[in-house]
Amino acid sequence: MKGDFTRSTFDPTKGYTSVRMQQGRVQLDADWNEQIDIQDHLRRMMLGDVLGASGVPREQPDSFEIYFQGGQLRARPGRIWVDGMPCESGGNPLMDAAPATGTWLAYLDVWQSHVTAIEDPDIRETALGGPDSSTRTRTHCRVRFAQVAPGTTCLDVADWTDPLDTTGTMAAQFQAAGVGSSDPCEVPADAGYAGLENHLYRVEVHDGGEILPNGNVGPAGSPTFKWSRDNGSITAEWLASSSRQVTIRNPRQDSVRGFQDPPFWIEMSDDITVIDDQLGRVAEVKSYSESSTGEAVLELDGDEDEAPAPNSSSHPKVRRWDAELENVATGKWIDLEYGIQIQFQPGVYRSGDYWLIPARAFIGDYSGGIEWPEGDGNVPAEVPPHGGERRAAKLAVVELNNTVPTSIEDCRQVFSPLAEQVTFTLAGGDSQAGHPGETLPCPLQVAVLQGKHPIAGARVRFTALSDGGAVDGVPEVEAVTNADGIAEVSWKLPAVITPFIGAGRQCLTVKARLLGPGGTDAVAPITFSADLRVASEVAFTPAPECDALQGYNDVESAINQMCLANGGGKRAIGEFSFADPADGQPKTIPLTFLPKYVWAVVAASAAMPAVSGAEVTGYAELGADGTITQRSMHRACIGYGGTDNRYYSFHRDFSGSATYAFRPHLAHMRFHRPDASPAKYEYFVLDVTSFDDTGLTLTVTRFKKSSNYDTISTYLNGYLVIFG
């Protein structure tokens, strides 16, 4: 702020919470202003902690939303909080021109300006006869665009910072520069600061830019700076311009704090340059003259261009600076005046960044000097700017094709008042366990509350994840809260495909989401979990005398082993037609599970009672490497009587010699028709043709083995049974 201040004393690192007056003491502007700065700092910290980096109120959820209308990008009016600072716009917020094709982050640039009685005449108390009293600050905001990588989302820019944010620093010092005179109006030779008056020096960046560590100018261009011994506070109304003459309203200040002592430099600006974040024109003044009408004329130097005409509707003004624009140079001390020196370090410098150097003249026992912190080794500290801070709020990620958006992702955050915060909480039904295919006894319940008051009619979406079964009979359903603020659904667990494998230890989940405007998540979702009650998850330790059960360490495998030992455990896997395959043509039967042991049985039907069936099965163990080891073959015959005779024959295959041998396939089946002469036979070979961690594929191949068997029976069909 460019006010007529003695100094700025607020330092957030000191942790002060208030300023206290004392009786009979001189009151200074610095104390008053520090109290304001303390309150502002505490307020911003509190609001930042409560609202986050930025957010729009729930009552105005469309505030600063980026949208496309009338062939251009726009932002909706409203209110947004940015780092604890409010920014309001009654109409469409100001916005830079839409950039070209690419991916861009639309963000809100927020800064403050200093307002005097020139910019706002209502500040001046006319009863004082002309002089002003206090000043004001005003917040400005403007939508800008920064290019980001293609495919960037709002999550990717969560920690985004403006690449043009200031990183440069400055240090200040003074060198004794007394003139060594006995004149009491002159500074002694051993004094510090050599000025005769107290001043608040302001060093301000005019053109933004970057200085690289090697001293070269960076891609952002060369930064420049200007300085004023009076904090840039000497201003006057800009009334008119003619050629190189600038007419101002005479501020009636003395020659030291006015415009009467050229040469000096003026900056010509108005409200538009502030709102549009533009730079004012800086020019050197070579002469000053007054008129009888209360006006003054500033004559520009002959090397300057003609002065522009002021815009009378936007409070034009001129501001005095005590040096011309100079390039920021690093690694060297730059002289200002009266022994004050400054030094910049490499980094990015933004237009409007400034540093304040309070300079105090020699008086009594005080030898004069400047107020500047010291770093390690008692050398002047390199500090970031004292002011000119910019804040940014991420609004949207926009994909543009020749300034036309192809997508707009909203990055804004919406918040509710603390007294109206909506709570989304678990109300019941979590951490249950049930049998496969069972509907859990307790419904899944969530509660939506505002404080302690239930919210009826809130929309909650329940989704069963990763084969987690069904909610209210479907994978996903939307429920509405009742008068008690409760939304609930039933949860049916998934059925296990086969008990031979067991389900493994599965954490089944259902996610509940409270839906906000547009169906988006209003708050973080709630996840319900459940376990399947399966025997494979129950530990079992066989007794030492149970040799057949050694190594079976869960209930499921132990029961299956006992079932197999007693000849049980049949399970029909799937029916298939024996009449489908032609002679020598295989028929594949995929099994989407992996049993440890396989018994195969093929049974004939009673479709043709005259047909007798014989089944030859193998008992094979499937190894971890995919090999099949036949363990045993058995032979048995079961007769059902009547004309429907079925023969279950389990035997070793005779290979043509006097000894039995195992065939390389799992089973060999034969069906015959004894009513035919000679008897007609059909053979079926059952093999495991593929095997992996998730299942296996069986192949049935049919052969006719009688030379006078000219047709294959169409009456035979059957089913395949797996023992496992």
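**What about the overall build of the protein chain?**
1) Next: When you go through the protein chain residue by residue, the secondary structure sums to three helices and 48 strands.
2) Next: In the protein chain, buried positions account for 42% of the 724 residues.
3) Next: Counting contacts in the protein chain only where the partners sit at least 6 residues apart, residues at least 24 apart contribute 65% of the total.
4) Next: With the model as given, the accessible surface of the protein chain reaches about 37,300 Å², and the carbon-plus-sulfur share is 50%.

**Comments concerning the environment of Arg74**
1) Next: Along the chain, Arg74 turns up in strand β3 (residues 72-75).
2) Next: A C-alpha to C-alpha distance of 8.9 Å links Arg74 and Leu94, two positions 20 residues apart in sequence.
3) Next: A polar contact is formed between the side chain of Arg74 and the backbone oxygen of Gln69, at a distance of 3.2 Å.

**Things to note about the sheet that holds strand β25 (residues 404-410)**
Each strand in a sheet pairs with its neighbour through backbone hydrogen bonds, running either in the same direction (parallel) or in the opposite one (antiparallel).
1) Next: The strand order β7-β6-β24-β25 describes an open sheet built from four strands, whose pairing is antiparallel. The sheet is open, and its two borders are formed by β7 (136-147) and β25, each paired with just one other strand. Geometrically, the sheet is characterised by an average inter-axis angle of 30 degrees between neighbouring strands, direction not taken into account.
2) Next: Relative to β7, strand β6 (residues 102-115) runs antiparallel, the two being bridged by twelve bridges. Residue pairing for β7: Asp109 is matched across the bridge by Arg142.

**Re the state of the cysteines**
1) Next: In total, this model carries two disulfides according to the counting rule given.
2) Next: With its sulfur 1.9 Å from that of its partner, Cys154 forms a disulfide with Cys411. Taking the torsion about the sulfur-sulfur bond, which here is approximately -85 degrees, the covalent link between Cys154 and Cys411 counts as left-handed. With Cys154 in the loop between β7 and β8 (170-174) and Cys411 in the loop between β25 and β26 (414-415), the pair connects residues that are 257 residues apart, well separated along the chain.

**Details of the confidence of the model for the protein chain**
Reading fine detail from the predicted coordinates is not recommended where pLDDT is low.
1) Next: This prediction gives the protein chain a mean pLDDT of 80; 74% of its residues lie at or above 70.
2) Next: Scored below 50 in pLDDT, residues 593-624 shows 141 contacts in the model against residues more than four places distant or in partner chains.

**Observations concerning the pattern of salt bridges**
Oppositely charged side chains can form a pair if their charged atoms are brought close together.
1) Next: This model, assessed by the stated rule, comprises 31 salt bridges.
2) Next: Across the pair Asp277 and Arg144 runs a salt bridge, and its minimum N-O distance is 3.1 Å. Here Arg144 lies in strand β7 and Asp277 lies in the loop between α2 (271-275) and β15 (281-290), a separation of 133 residues in the sequence.
3) Next: Across the pair Glu337 and Arg229 runs a salt bridge, and its minimum N-O distance is 2.8 Å. Linking Glu337 in the loop between β19 (334-335) and β20 (340-344) with Arg229 in the loop between β11 (224-228) and β12 (235-242), this pair joins segments that are 108 residues apart in sequence. Each member of the pair, Glu337 as well as Arg229, carries the same accessibility label: buried.
4) Next: Linked by salt bridges that have partners in common, Asp96, Asp109, Arg142, Arg144, Asp162, Asp165, Asp276, Asp277, Arg350 and Arg390 make up one network.

**Examining the packing of aromatic side chains**
1) Next: Under the counting rule described, the total for this entry stands at seven aromatic pairs.
2) Next: Judged by centre distance (4.9 Å) and plane angle (50 degrees), the ring pair of Tyr107 and Trp160 falls under tilted. In this pair, Tyr107 sits in strand β6 while Trp160 sits in the loop between β7 and β8, placing the two residues 53 residues apart along the sequence. The residues Tyr107 and Trp160 share a single accessibility class, namely buried.
3) Next: Ring centres of Tyr349 and Trp355 lie 6.3 Å apart, and the angle between their planes is 55 degrees; this geometry places the pair in the tilted category.
4) Next: When its relative accessible area of 1% is taken as the criterion, Tyr349 is described as buried.

**Side note on the sheet that holds β8**
1) Next: Here we have three strands laid out as an open sheet, ordered β8-β20-β19, and antiparallel in their pairing. Only two strands of the sheet have a single partner each, and these edge strands are β8 and β19.
2) Next: As judged from the two bridges shared by β19 and β20, these two strands associate in the antiparallel manner. Along β20, the bridge assignment pairs Ile334 with Ile342.

**A closer look at unusual backbone geometry**
1) Next: Backbone torsion omega between Pro262 and Pro263 reads 5 degrees, so that peptide bond is classified as cis.
2) Next: With respect to the element layout, Pro263 can be found in the loop between β13 (245-249) and β14 (264-269).
3) Next: Here the phi dihedral of Ser243 falls at roughly 55 degrees; this positive angle occurs in a residue that is not glycine.
4) Next: Mapped onto the elements of the fold, Ser243 is located in the loop between β12 and β13.
5) Next: The class of Ser243 is partly exposed, set by a relative accessible area of 37%.

**A look at the pairing of strand β29 (residues 444-450)**
1) Next: Pairing of strand β27 (residues 422-428) with β29 involves six bridges; the strand directions are antiparallel. When the bridges of β29 are listed, Val422 appears paired with Gln450.
2) Next: Note: β29 against strand β34 (residues 486-489), four bridges, orientation antiparallel. Bridge pairing links Leu444 to Val489 in β34.
3) Next: Hairpin remark: β29 followed by strand β30 (residues 453-454), antiparallel, with two residues in the connecting loop; positive phi at Gly451, about 65 degrees.

**Let's talk about the side chain of Glu267**
1) Next: Tracing the backbone shows Glu267 in strand β14.
2) Next: Overall, Glu267 belongs to the buried group, its relative accessible area being 10%.
3) Next: Within the structure, the side chain of Glu267 is placed 3.0 Å from the side chain of Lys226, a separation counted as a polar contact.
4) Next: Among the polar contacts listed, one links the side chain of Glu267 to the backbone nitrogen of Gly280, at a separation of 3.4 Å.
5) Next: When residues no more than four places from it in sequence are discounted, the contact partners of Glu267 are His206, Lys226, Gly280, Arg281, Val282, Lys317, Val318, Arg319 and Trp321.

**Some remarks on a nonpolar patch on the surface**
1) Next: A cluster of nonpolar side chains, Met46, Val50 and Leu418, forms an exposed patch at the surface whose accessible area comes to about 320 Å².
2) Next: By secondary structure assignment, the location of Leu418 is in the loop between β26 and β27.
3) Next: For Leu418, a relative accessible area of 64% corresponds to the exposed category.

**Describing the nonpolar core**
1) Next: By size, the foremost hydrophobic cluster in this structure holds 25 residues, and its most contacted members are Val203, Ile342, Phe344, Ile357 and Trp372.
2) Next: Mapped onto this core, the elements with two or more residues apiece are β8, β9 (199-205), β11, β20 and β22 (354-360).
3) Next: Every residue in contact with Phe344, bar those within four places of it in the chain, is listed here: Thr169, Met170, Val203, Phe225, Val328, Ala329, Thr330, Gly331, Ile334, Tyr349 and Trp355.
4) Next: Core analysis: the next-biggest nonpolar cluster, separate from the first, contains 24 residues, Val446, Phe462, Ala487 and Val510 among them.

**As for helix α1 (residues 29-51)**
1) Next: Its 23 residues place the ends of α1 32 Å apart at the C-alpha level, agreeing with the 33 Å of an ideal helix rising 1.5 Å per residue.
2) Next: Ala30, Glu34, Gln35, Ile38, Arg44, Leu47 and Leu51 are the residues of α1 that are buried.
3) Next: Buried-residue contacts for α1 involve β1 (54-57), β4 (78-82), β5 (85-89), β6, β24 (391-401) and β26.
4) Next: Two residues or fewer after α1 comes Gly52, characterised by a positive phi angle close to 90 degrees.

Rules used throughout
- Residues numbered from 1 in each chain as written.
- Predicted model: local features only at pLDDT ≥ 70, side-chain atom pairs only at ≥ 80, totals over all residues.
- Heavy atoms only, no water.
- Helix = DSSP H or I, 4+ residues; strand = E, 2+ residues; numbered from the N terminus.
- Buried < 20%, exposed > 50% of the residue type's maximum accessible area, 1.4 Å probe, protein only.
- Contact = heavy atoms within 4.5 Å.
- Areas by Shrake-Rupley, 256 points an atom, 1.4 Å probe, with all protein chains shown as cover.
- Polar contact = N/O pair within 3.5 Å; in protein donor to acceptor, adjacent residues only side chain to side chain.
- Pairing = 2+ DSSP bridges.
- Axes fitted to C-alpha atoms, helices over the stretch in contact; angles between N-to-C directions.
- Disulfide = S-S within 2.5 Å.
- pLDDT = per-residue confidence, 0-100.
- Salt bridge = Lys/Arg side-chain N within 4 Å of Asp/Glu carboxyl O.
- Phe/Tyr/Trp six-rings, centres within 6.5 Å; stacked < 30°, edge-to-face > 60°.
- Patch = residues over 30% accessible without salt bridge, like charges linked within 9 Å, V, L, I, M, F, W, Y side chains within 5 Å.
- Core = buried A, V, L, I, M, F, W, Y, C linked by side-chain atoms within 4.5 Å.
- Expected span 1.5 Å × (residues − 1).

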